[in-house]
Structures are given as C-alpha cells and as structure tokens.
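Secondary and tertiary structure notes
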Amino acid sequence: MNPELYDHLMDSTNNNVRTIYLSRHGESNNNLYGKIGGDAGLSQRGWLYAKALFGFFQSRHVSGIWTSQLKRTQETAKYLECPKIIVETGINEISAGDHDSMTYEEIAQQFPEEFALRDQDKLRYRYPNGESYMDVVARLEPVMKKIMHENNLLIVSHQATLRCVLSLLLGTEMEELPYMRVPLHTVMELRLCGQEVEVTNHRLKVECVDTHRAKPGNCEINRNPSDACITVPVHL
C-alpha cells in the first residue's frame with residue numbers, strides 16, 4: 001500500500017468507532033452462467049437477496065449507500081430506504097476488457113496463454129484493454145479517503161473491488177488480495193477505531209452460486225484445458 005494512503009486511512013488520532021457495511025450485489029444472471037464482468041441484471045435469487053438486505057437493515061441505521069454504475073448493484077439497493085444513494089464510479093468492478101462477459105472456460109479455450117499468465121500473477125495481470133488488481137487499488141485511493149470520513153455507510157460493489165477495499169483496510173499482504181473470499185449474499189460489517197478494524201460477516205439466508213476460484217496447481221502456459229479449469233466454480 002502507498003505509505004501516504006496508509007497514514008491517511010489508519011490515522012491513530014481518529015478513535016471514534018465508525019461502521020462501514022460492504023456487500024456484493026445479489027447473484028446476477030452472469031454469475032449463474034459463469035460469465036465474468038458484463039452488466040447483467042439480478043437472477044431470481046439475486047432479487048431475493050435484495051429483499052433480504054432490506055430486512056437486514058430494518059434494525060440498523062444507514063446514513064448513505066454507494067453503488068457502482070453497474071445494474072446489478074443498483075438493483076440490489078432498490079428496496080433499501082435511504083435518502084442518500086450515490087453512484088460511485090470508483091467502486092466499479094475490475095474491467096475484464098476484451099474478456100468481458102466470457103466464461104473462464106471460454107477464455108482458457110480461446111486465449112490459453114492469457115489465462116495462464118493471469119494465474120501466474122493474478123495481482124498484476126492486466127486484462128487486454130482492461131484492468132489489473134493493482135489498477136483497481138490505484139483507482140480506489142480517492143474513494144478510500146472518502147470512506148474514512150463516513151459512518152454507517154453501505155457500499156454495494158463487486159468481488160474484485162471489495163477484495164481491494166478489504167485489503168487496504170485490513171493491511172492484507174498484497175499477494176493474497178486476489179484470492180480473498182468475498183462471497184455473494186453476505187454483508188460484511190466493519191467497525192473501525194483508529195488502526196483497529198473488526199469484521200463481522202452476516203450470511204443472509206438466500207442461496208447463491210459460489211464464484212470463488214482458487215489458484216490452480218498448474219499455471220504453465222502449455223497446460224491442458226482440464227488443468228487450467230480445474231478450480232473454475234460450478235455454474236449452469
């Protein structure tokens with residue numbers, strides 16, 4: 001992390017306890033079919049999560065909600081009652097560029113070298129005409145500074161982006177960032193006080209797919225397709 005940003009985020013003189021809520025969007029139709037990126041709307045179960053989110057926040061005060069520009073985050077916040085809902089472009093999902101809306105299997109088949117290069121260095125790999133995780137970290141710097149002045153804020157964003165937000169707040173090793181578990185249909189409640197960050201995960205009772213893909217054992221460019229796709233999550 002940029003040392004200047006770390007000092008700003010973790011200013012030990014700020015001892016007021018503040019709460020930030022993080023949630024991915026509800027399950028999307030692209031999630032169901034294993035497609036990355038895109039701007040698909042919510043699946044039926046994703047809409048159920050949006051309603052469950054409304055119930056969850058009935059007993060919690062939210063002073064502001066940030067969504068990304070993408071449809072699935074805005075639909076997730078549709079039922080929430082809050083006078084201040086902002087579209088924050090800085091929390092958009094990582095751009096998959098030329099691979100947007102493809103499945104991992106399609107990328108492995110059509111662009112095997114690119115797929116292997118990403119597995120070799122997921123943190124720094126940049127999608128063709130897209131972004132890397134490090135690009136997302138850089139774009140989040142001004143957003144993180146704003147977050148640190150908020151309290152009772154709900155951020156509805158995306159898997160890769162929330163991995164970056166969590167890593168910046170928790171001081172996670174950067175090499176671990178791309179493999180953090182940020183499941184669907186879960187509200188992460190963060191309580192911040194000075195340099196301390198306490199995280200509580202609230203898994204809401206709405207079924208969904210698991211989109212987490214672990215690093216495969218074989219990351220060589222000449223690997224066969226079955227080795228390349230061995231950790232791809234199950235999808236329709």
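Anyway, here's the lowdown on the structure attached to this text. Predicted model only: the values in this text are computed from it and were never measured.

Parameters and conventions
Residues numbered from 1 in each chain as written. Predicted model: local features only at pLDDT ≥ 70, side-chain atom pairs only at ≥ 80, totals over all residues. Heavy atoms only, no water. Helix = DSSP H or I, 4+ residues; strand = E, 2+ residues; numbered from the N terminus. Rg over C-alpha atoms; globule rule 2.2 N^0.38 Å. Buried < 20%, exposed > 50% of the residue type's maximum accessible area, 1.4 Å probe, protein only. Contact = heavy atoms within 4.5 Å. Areas by Shrake-Rupley, 256 points an atom, 1.4 Å probe, with all protein chains shown as cover. Lys, Arg positive; Asp, Glu negative; His and termini not counted. Charge placed at Lys NZ, Arg CZ, Asp CG, Glu CD. Axes fitted to C-alpha atoms, helices over the stretch in contact; angles between N-to-C directions. Left-handed = near helix turned anticlockwise from the far one by under 90°. Nonpolar A, V, L, I, M, F, W, Y, C, P; charged D, E, K, R; others polar. Core = buried A, V, L, I, M, F, W, Y, C linked by side-chain atoms within 4.5 Å. Expected span 1.5 Å × (residues − 1). Arc of directions from axis to C-beta. Pairing = 2+ DSSP bridges. Salt bridge = Lys/Arg side-chain N within 4 Å of Asp/Glu carboxyl O. Polar contact = N/O pair within 3.5 Å; in protein donor to acceptor, adjacent residues only side chain to side chain. Right-handed = clockwise from strand over helix to strand, strands pointing away.

Within the protein one finds nine helices and six strands. The globule rule puts the C-alpha radius of gyration for 236 residues at 18 Å, and the 18 Å found for the protein is close to it. With the C-alpha coordinates of the protein rotated into their principal frame, the extents come out at 55 × 40 × 25 Å. The proportion of buried residues among the 236 residues of the protein is 52%. Of all intrachain contacts in the protein linking residues separated by at least 6 positions in sequence, the fraction that spans at least 24 positions is 69%. Counting only carbon and sulfur atoms, one obtains 48% of the accessible surface of the protein, whose full area is about 11200 Å². Each charge class in the protein can be summarised by its mean position, and for the 25 positive and 31 negative side chains these summaries are 6 Å apart.

Put simply, helix α7 (residues 133-147) and helix α8 (residues 159-170) touch, their axes get as near as 10 Å, and they point 65° apart. Where α7 crosses over α8, the two elements pack in a sense that is right-handed. In this structure, α7 uses Y133, V136, V137, L140 and M144 to contact α8, whose residues at the interface are A160, T161, R163, C164, V165, L168 and L169. Grouping the amino acids of the contact of α7 with α8 by side-chain chemistry returns 10 nonpolar, one polar and one charged.

As a further point, take the nonpolar core. Membership of the largest hydrophobic core comes to 29 residues, with the highest contact counts inside it found for I20, L22, L140, I155 and L190. Of all the secondary-structure elements, those providing two or more residues to this core are β1 (18-24), α7, β4 (153-157), α8 and β5 (186-193). Beyond its immediate sequence surroundings of up to four residues, L140 is in contact with G90, I91, T161, C164, V165 and L168.

Now for helix α3 (residues 44-56). Between its terminal C-alpha atoms α3 stretches 19 Å, which fits the 18 Å expected from 13 residues at 1.5 Å a residue. Within the span of α3, buried status applies to G46, Y49, A50, L53 and F56. The buried side chains of α3 occupy one side of the element, clustering within an arc of 120° when seen end-on.

With mixed pairing, the six strands of this open sheet are ordered in space as β3-β2-β4-β1-β5-β6. In this open sheet, the two edge strands, each paired with only one partner strand, are β3 (85-87) and β6 (196-203). Each strand axis lies, on average, 20° off the axis of its neighbour in the sheet, ignoring direction. Two elements, strand β2 (residues 64-67) and β3, share three bridges in a ladder whose sense is parallel. Residue T67 lies in a different strand from β3, and its bridge partner there is V87. Relative to the sheet, α3 contacts β1, β5 and β6, its axis offset from that of β5 by approximately 40°.

What follows covers the side chain of R18. Residue placement: R18 occurs in strand β1. It is E150 that comes nearest to the buried, bridge-free R18 among opposite-charge side chains, at 8.3 Å. Side-chain polar atoms of R18 contact the backbone oxygen of M148, separated by 3.0 Å.

Attention now goes to helix α6 (residues 112-120). One turn of an α-helix holds 3.6 residues; hence residues three or four places apart share an orientation. Taken residue by residue, α6 has F115, A116, R118 and D119 as its buried positions. Buried residues of α6 fall within an arc of 160° about the axis and therefore sit on the same side. Buried-residue contacts for α6 involve α5 (104-110), α7 and α9 (225-228).

As a further point, take the pairing of β2. When a strand is regular, its side chains alternate between the sheet's two faces. The alternating pattern of β2 places G64 and W66 and I65 and T67 on opposite faces, both of which are buried. Summarising the sheet, β2 and β4 pair through four bridges and their orientation is parallel. Counted as the bridge partner of G64 is L153 from β4. Taken together, β2, helix α4 (residues 71-76) and β3 constitute a β-α-β crossover, and its handedness is right-handed.

Time to look at the environment of L177. Counting through the fold element by element, L177 comes out in the loop between α8 and β5. A residue is classified by how much of its surface remains accessible, and L177, at 0% relative accessible area, is buried. With 115 residues separating them in the primary sequence, L177 and V62 have C-alpha atoms 28 Å apart. Those residues in contact with L177, other than ones at most four positions away along the chain, are L123, Y133, V137, R163, C164 and S167.

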